[in-house]
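One letter stands for each residue in the lines below.
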Protein chains: 2
Amino acid sequence: MENWLIKQAELAPYRPALVYEGRTWNFRQLKTKVHKIAGKLTHFIGKSVKRAGIIADNTPASYFMILAFQQLGVQPVLLNCRLAFSELERQREDAEVLVVFVDDLLKKRFEQRVKSNTHYYFISELDSITSDSPVIIQSFEDDKIASIMYTSGTTGHPHGVLQTFRNHFFSAVGSVFNLGLQIDDQWLCAVPIFHISGLSIMMRSLIYGTGVILVPHFDPVKITKLLAFKHVSLMSVVPIMLKQLLELYPTEGYNESFRTFLLGGAPIDAATLGSCQKKGISVIQSYGMTETCSQVVALNFADAPSKIGSVGKPLFPVQLRINTGKIGEIEVKAPNLVKGYLNDQAGFNDKLTQDGWFRTGDIGNFDKEGFLFIKGRKDEMFISGGENVFPNEVENVYAKVAGIKEIAVIGIPDKRWGQVPYAFVELQDHSKLDAASLKLYGREKLAHYKVPQAFITVDKLPRTANGKLKHSAVREQFSKVIAKLNKEN
Amino acid sequence: MENWLIKQAELAPYRPALVYEGRTWNFRQLKTKVHKIAGKLTHFIGKSVKRAGIIADNTPASYFMILAFQQLGVQPVLLNCRLAFSELERQREDAEVLVVFVDDLLKKRFEQRVKSNTHYYFISELDSITSDSPVIIQSFEDDKIASIMYTSGTTGHPHGVLQTFRNHFFSAVGSVFNLGLQIDDQWLCAVPIFHISGLSIMMRSLIYGTGVILVPHFDPVKITKLLAFKHVSLMSVVPIMLKQLLELYPTEGYNESFRTFLLGGAPIDAATLGSCQKKGISVIQSYGMTETCSQVVALNFADAPSKIGSVGKPLFPVQLRINTGKIGEIEVKAPNLVKGYLNDQAGFNDKLTQDGWFRTGDIGNFDKEGFLFIKGRKDEMFISGGENVFPNEVENVYAKVAGIKEIAVIGIPDKRWGQVPYAFVELQDHSKLDAASLKLYGREKLAHYKVPQAFITVDKLPRTANGKLKHSAVREQFSKVIAKLNKEN
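Source: prediction; values computed, not measured. Residue numbering note: each chain is counted from 1, following its sequence as written. In the order they appear in the text, chains get letters beginning with A and ligands get numbers beginning with 1. This being a predicted model, a pLDDT of at least 70 is required before a residue's local features are given, and a value of 80 or more before pairs of side-chain atoms are given or counted; all residues contribute to the totals for chains, interfaces and linings. The basis for every side-chain value is the complete set of non-hydrogen atoms in the structure, without hydrogens or water.

1. Let's talk about the domain arrangement of chain A
Residues and elements named next belong to chain A. The cut-off we apply is this: Note that domain bounds follow an automatic or database assignment of domains. Throughout, a contact is declared for two residues whenever any of their heavy atoms are within 4.5 Å. Once two parts are put together, the accessible area they lose, assessed with a 1.4 Å probe and summed over both, is termed the buried area. By salt bridge we mean one thing: a side-chain nitrogen of Lys or Arg within 4 Å of a carboxyl oxygen of Asp or Glu. Nitrogen and oxygen atoms within 3.5 Å of one another constitute a polar contact, given that in protein one can donate a hydrogen and the other can accept it, and given that sequence-neighbouring residues count only through two side-chain atoms. The residue classification treats Ala, Val, Leu, Ile, Met, Phe, Trp, Tyr, Cys and Pro as nonpolar and Asp, Glu, Lys and Arg as charged. All others, Gly included, are polar.
Under the domain assignment, chain A is made up of domain 1 (4-375) and domain 2 (380-488). Taken over C-alpha atoms, the centre of domain 1 sits 30 Å from the centre of domain 2. Domain 1 puts 21 residues into the contact, and the matching count from domain 2 is 15 residues. Note on domain 1 versus domain 2: buried area summed over both sides is about 1,500 Å², and carbon and sulfur give 58% of it. At the junction of domain 1 and domain 2, the tally comes to 0 salt bridges. The interface formed by domain 1 and domain 2 contains 1 residue pair in polar contact (both at pLDDT 80 or more). A class-by-class count of the residues in the side of domain 1 that touches domain 2 yields 12 nonpolar, 6 polar and 3 charged.

Quick look at the structure:
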């Protein structure tokens, strides 16, 4: 296919492509801007660079830079600004990247590092660079790499996921057949563009010829204003964002242009969804991963109210199956499934079944009508007295309890039951924990083996950059407590 | 990709798939119905048939039959019911088809033929057949043939165009990015389903999971009622349909669900489009062909009012170029471009340039902003005194003249000028032709060499099944008059 940016600059030159803090670039202006940066980049990194890194923030500068890499046929390696420097370096070295651009908004955090490491530069360092005439690629070939991002991988070392243009294209197509499309759509992007949740919004914009409203960070007050007064059609959210927006929901509702929230990243509790329903806020639950370039499953508008808790049905280009009986690991086959991991094709192939389906590592089940329910991560699931316990299920039950801000359930070895559930709880301000009544509450709602044996109050639970609760990090952060519990049991 | 019909029966089981004369089949019912027919077909034609023919009309029976062939992996050969029997037989033999089903609505015309030719059957003959369990194909492979239809080909013998599932898929995707999509969309199909204009509506329905309102034939009064009172979102029209609907346009307008007419098949005069604009009726001009599985170029909503006469810009997956200078033959490269002609790959390859672009045989030009204007068929163009004359341009100027129902301009050999334009005119009832004032009118609007030398009144001008004026047929039908003119010049 023709280079998407060039194509949209021809097809929809005057349609807004990017909106940021009141400034708008239409597709023609976006192309001009990006090609100008591509010229500077050519001067700076030369013409034969295969890959370059970016530590992006949600700013136009990062947005342009990612697109500029693509325009030059340079594979953008999207590094997560929230990682520790040693982690970043491991990823940079794995990707054999010699030049990494850091968004200037991250100056404070990265100033020393940029100074002391020859591979890192601030994007603004390009400002004073003269421009070489860039060699823009004329077509976006199906199997060419459009982006590389490292999975936050709950186990083992992170993998550089090789996302092709074809992967992004089919992801966008699968989404459009579910969510519909109006040519004046604008998608609010408050999720990080270095994650697939954000990058896929950018890619959809290039494919659909529609606009992105980019915000630098998630500020619920500011975003509520945008939703109320600006032409926002869709917004991608993770559960924690949705909860905060819900609290600020204006009595007059959002702007009439608003169609729906697309909810991903993690399952959400029924209480929050029920509350959205009561207020008439459309929320489309979805399920996807870096390896599938965003959504593979989503609810549709018609089913959303009656299927609370389900992430929906496999999108049009996607096939899903569950490998053992009623509840089991979800396997996927789709044109948006990536071809592999950088420098670890074997690691990727290990996740493929003999007939080429990708084992997601997620456990779920289909109901009678074909709606998918996610139980949790395979590696988070544990067995207690011969029964499967999915931490996520237990967590969702407790999410409704007043005073609990966030709860993480993990399995702790136990002589009698194999493992038993323990809960780590982050409380809301000025709340107190009453373990006895929490247990009682659990007994009412859950099978007894699912009820946590103890509730341990902690200051803060670890989350991924995407707001997802990270059980492996819980284990790591509270390893001492856990070791002590192990001994006791 | 998964079998589209099965997929939609899972994804959108209760959404209307087909509406016909007040009856509705949702996707689940459509699948059940089609699979039942597939079972009967299996019994009737056996399991190893590669291709089967259908002389379809716009009825559910034909609709189901085409889908049933696809479900079995049998290539449907869509024959045009308006062809002479000798033409049909030539196509049937070319496609090596042994069984052709004829829609029962065509009983009158085909009764004798079905009786006397062992290859032809009425669809109703399946009614009493028992059902074998059909072997339904589980996936619609990209390069598998989804449909074969013969081009009406203005020159030479007709070609069986091999349309793959991938071709249909990308055609549908190109369309959706231009026209947008709402999941409750319903597309009114009054164009023949044995043509790509109609078949592509069926395929889009399977791909989008949206509905088709099928009508047995073009009845402008009935269709105006549907447009006014039913949930119609889009309707494909050829110019002659649009003109008739325009005359009946209700003062209250159409139903609020109506988004636009998609106009194809032939260029339309500015007067008709201007009149639509005045009435606030949205018309999206488009350009496509059997070899590209429908549209490759279309206007978008925003540009439609200011670009009257243009067919728009190449759709997202499509690339177009014009091979010589400003005006020339349009060449296309697209994933919806078919791979070839049945039994005549050489004939198809002849139409490809050295670098693999398809020469459409249409002449056009892009304006400064990249909008395509079609001048006419390359083989209809002629040279008069060293200047190119495009019959279509001349015809459009005369289409506005009161009393003229249809006009065909062709080049007649001339000793002095090489060729000169002559017009064949079909008059409206009770109208008379005044050649002198018509010439005068032409002189005002056109360069002198484009003005027809004579206006010849005829009873009826020949059209293709799609309502397209067929210049080669004009030459054929009026060959005696033309031979006489040749002698005179």
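2. Comments concerning the sheet that holds strand S18 (residues 358-366) of chain B
All names here are of chain B. Note the cut-off: Only when DSSP finds a minimum of two bridges between them are two strands counted as paired. Only runs of H or I of at least four residues qualify as helices and only runs of E of at least two qualify as strands under DSSP, and these elements are numbered from the N terminus. Each axis is a line fitted through C-alpha atoms, and for a helix only the stretch in contact is used; angles between axes span 0 to 180 degrees, taken between their N-to-C directions.
Read across the sheet, 4 strands follow the order S16-S17-S18-S19 without closing on themselves; strand pairing throughout is antiparallel. Sheet topology places strand S16 (319-322) and strand S19 (372-377) at the edges, where each strand pairs with a single neighbour. The mean inter-strand angle of the sheet, taken between neighbouring strand axes irrespective of direction, is 45°. As paired elements, S16 and strand S17 (residues 327-333) share 4 bridges and run antiparallel to each other. Its bridge partner lying in S17, Ile322 is registered against Ile330.

3. Remarks on unusual backbone geometry
Even without being glycine, His430 of chain A reaches a positive phi, approximately 60°. Residue placement: His430 of chain A occurs in the loop between strand S23 (418-427) and helix H13 (435-445).

4. As for the environment of Tyr398 of chain B
Residue and element names in this part refer to chain B. In plain terms, the rule: The classification of residues rests on relative accessible area computed with a 1.4 Å probe and restricted to protein chains. Under 20% of the type maximum is buried, over 50% is exposed, and intermediate values are partly exposed.
With respect to the secondary-structure elements, Tyr398 resides in helix H12 (residues 391-399). Since its relative accessible area comes to 0%, Tyr398 is described here as buried. As for Tyr398 and Tyr14, which are separated by 384 residues in sequence, their C-alpha atoms are 49 Å apart. Once you skip the residues sitting within four places of it in the chain, Tyr398 turns out to touch Ile404, Ile407, Leu438, Lys439, Tyr441, Gly442, Leu446, Val451, Pro452 and Phe455.

5. Examining the environment of Gly340 of chain A
All names here are of chain A. By secondary structure assignment, the location of Gly340 is in the loop between strand S17 (328-333) and helix H11 (345-349). Exposure remark for Gly340: the relative accessible area of 1% places this residue in the buried category. For the pair formed by Gly340 and Gln277, sequence separation is 63 residues and the distance between their alpha carbons is 39 Å. Setting aside its immediate chain neighbours within four residues, Gly340 contacts Gly160, Val161, Leu162, Gln345 and Phe348.

6. Observations concerning the interface of chain A and chain B
Contacts between chain A and chain B engage 31 residues on the former and 31 residues on the latter. For the pair chain A and chain B, the summed buried area comes to about 2,800 Å², and 63% of that belongs to carbon and sulfur atoms. On inspection of chain A and its partner chain B, the count reaches 0 salt bridges. Linking chain A with chain B are 9 residue pairs in polar contact (both at pLDDT 80 or more). When residues of the side of chain A that touches chain B are traced back to their parent elements, those giving at least two are helix H1 (4-11), helix H6 (165-179), helix H7 (196-208) and strand S15 (313-314) of chain A. Broken down by class, the residue content of the side of chain A that touches chain B amounts to 20 nonpolar, 6 polar and 5 charged.

7. Comments concerning the pattern of salt bridges
The tally for this structure, following the rule as stated, stands at 36 salt bridges over all chains. In this structure, Arg377 of chain A and Asp362 of chain A form a salt bridge, with 3.1 Å as the shortest nitrogen-oxygen distance. Taken together, the residues span a long stretch of sequence, with Arg377 of chain A in strand S19 (residues 372-377) and Asp362 of chain A in strand S18 (residues 358-366) at a distance of 15 residues. On the basis of relative accessible area, Asp362 of chain A is assigned to the buried category, the value being 9%. As a salt-bridge pair, Lys222 of chain B and Glu21 of chain B come within 2.8 Å of each other at their nearest N and O atoms. Of this pair, Lys222 of chain B sits in helix H8 (residues 220-229) while Glu21 of chain B sits in the loop between strand S1 (16-20) and strand S2 (23-26), and the two are 201 residues apart along the sequence. Because the salt bridges share partners, they merge into one network encompassing Lys405, Glu406, Glu426, Lys460 and Arg463 of chain A.

8. Some details on the sheet that holds strand S6 (residues 120-122) of chain A
Residue and element names in this part refer to chain A. What the 6 strands build is an open sheet, ordered S6-S5-S3-S4-S7-S8; its pairing is mixed. The open sheet is flanked by S6 and strand S8 (160-164), the only strands paired with a single partner. On average, each strand axis in the sheet is tilted by 25° relative to the strand beside it, whichever way the strands run. Two strands pair when backbone bridges link them, and strand S3 (residues 51-55) and strand S4 (residues 75-79) are joined in this way by 5 bridges, in the parallel orientation. Pairing of Gly53 across the sheet is with Val77, part of S4. Set on the sheet, helix H3 (residues 60-72) makes contact with S3, S4, strand S5 (100-102) and strand S7 (145-150); between it and S3 the angle comes to about 170°.

9. A few points about the packing of helix H2 (residues 27-45) of chain A against H3 of chain A
All names here are of chain A. As a reminder, the rule being used: Comment on the angle field: the value is read as roughly parallel under 35 degrees, roughly antiparallel over 145, roughly perpendicular from 65 to 115, and oblique elsewhere.
Viewed as axis vectors pointing N to C, H2 and H3 meet at an angle of 70°, and their least axial separation amounts to 8 Å. By the angle between their axes, H2 is roughly perpendicular relative to H3. Contacts between H2 and H3 pair Leu30, Lys33, Val34, His35, Ile37, Ala38, Leu41 and Thr42 from the former with Phe64, Met65, Leu67, Ala68, Phe69, Gln71 and Leu72 from the latter. A class-by-class count of the residues in the contact of H2 with H3 yields 11 nonpolar, 3 polar and 1 charged.

10. As for the packing of aromatic side chains
The condition that has to hold: In this analysis, rings of Phe, Tyr and Trp, with Trp reduced to its six-membered ring, are considered paired at centre separations within 6.5 Å, and the interplanar angle assigns stacked below 30 degrees, edge-to-face beyond 60, and tilted for intermediate values.
In total, this model carries 52 aromatic pairs over all chains according to the counting rule given. On the basis of an interplanar angle of 15° and a centroid distance of 5.7 Å, the ring pair of Phe170 of chain A and Phe169 of chain B is categorised as stacked. One end of the pair, Phe170 of chain A, is in helix H6; the other, Phe169 of chain B, is in helix H6 (residues 165-179), on a second chain. Each member of the pair, Phe170 of chain A as well as Phe169 of chain B, carries the same accessibility label: buried. Taking 5.2 Å as the distance between ring centres and 15° as the angle between the ring planes, the aromatic pair formed by Phe424 of chain A and Phe478 of chain A counts as stacked. Placement of Phe424 of chain A in strand S23 and of Phe478 of chain A in the loop between helix H14 (471-477) and helix H15 (479-488) is noted, with a sequence separation of 54 residues between them. Assessed through its relative accessible area of 11%, Phe478 of chain A is described here as buried.

11. Section: the relation of the copies chain A and chain B
Counted only if it meets this: What sets the superposition is a least-squares fit of C-alpha atoms, and only residues with pLDDT of at least 70 in both copies go into it.
With an RMSD of 0.1 Å, the fit of chain A onto chain B corresponds to turning through 180° and sliding 0.0 Å along the axis. Here the symmetry operator amounts to a two-fold rotation axis. Every residue of chain A has its C-alpha some distance from the rotation axis, and the shortest such distance is that of Leu181 of chain A, at 2.5 Å.

12. Observations regarding the packing of H1 of chain A against H2 of chain A
Residues and elements named next belong to chain A. Definition in use: Each crossing gets its handedness from the near helix: less than a right angle anticlockwise from the far helix is left-handed, clockwise is right-handed.
Closest axis-to-axis distance for the H1/H2 pair is 8 Å, and the angle between their directions is 145°. Of the two elements, H1 crosses H2, and the hand of that crossing is left-handed. Of H2, the residues touching H1 (which contributes Leu5, Ile6, Gln8 and Ala9) are Phe27, Arg28, Leu30, Lys31, Val34 and His35. Split by residue class, the contact of H1 with H2 holds 6 nonpolar, 2 polar and 2 charged.

13. As for the side chain of Gln70 of chain A
All names here are of chain A. Of note, Gln70 is situated in helix H3. For Gln70, a relative accessible area of 2% translates into the label buried. Once residues within four sequence positions are removed from consideration, Gln70 is found in contact with Pro76, Ile137, Phe140, Ala146, Phe165, Met203 and Leu206.

14. Quick notes on the nonpolar core
Note the cut-off: The term nonpolar core refers to a set of buried residues drawn from Ala, Val, Leu, Ile, Met, Phe, Trp, Tyr and Cys, joined through side-chain atoms within 4.5 Å.
Phe177 and Phe261 of chain A together with Phe169, Phe177, Met235 and Phe261 of chain B are the most contacted members of the largest nonpolar core, which has 276 residues in total. Not counting chain neighbours up to four residues away, the residues in contact with Phe177 of chain A comprise Phe316 of chain A together with Phe169, Val173, Val176, Leu181, Ile183, Ile207 and Tyr208 of chain B.

15. Some words on helix H8 (residues 220-229) of chain A
Residues and elements named next belong to chain A. Among the residues of H8, those classed as buried are Pro220, Ile223, Thr224, Leu226, Leu227 and Ala228. Buried positions along H8 lie against strand S9 (186-189), strand S11 (234-237), helix H9 (239-247) and strand S12 (260-263). For H8, the N-terminal capping position is held by Asp219, with its side-chain oxygen 3.0 Å away from the main-chain nitrogen of Val221.

16. Points about the pairing of S19 of chain A
Residues and elements named next belong to chain A. Examined bridge by bridge, S18 and S19 share 5 bridges and lie antiparallel to one another. Looking at S19, one finds that Phe366 is bridged to Leu372. Counting the residues between successive antiparallel strands, the hairpin from S18 to S19 contains 5 residues, one of them, Gly370, with a positive phi of roughly 90°.

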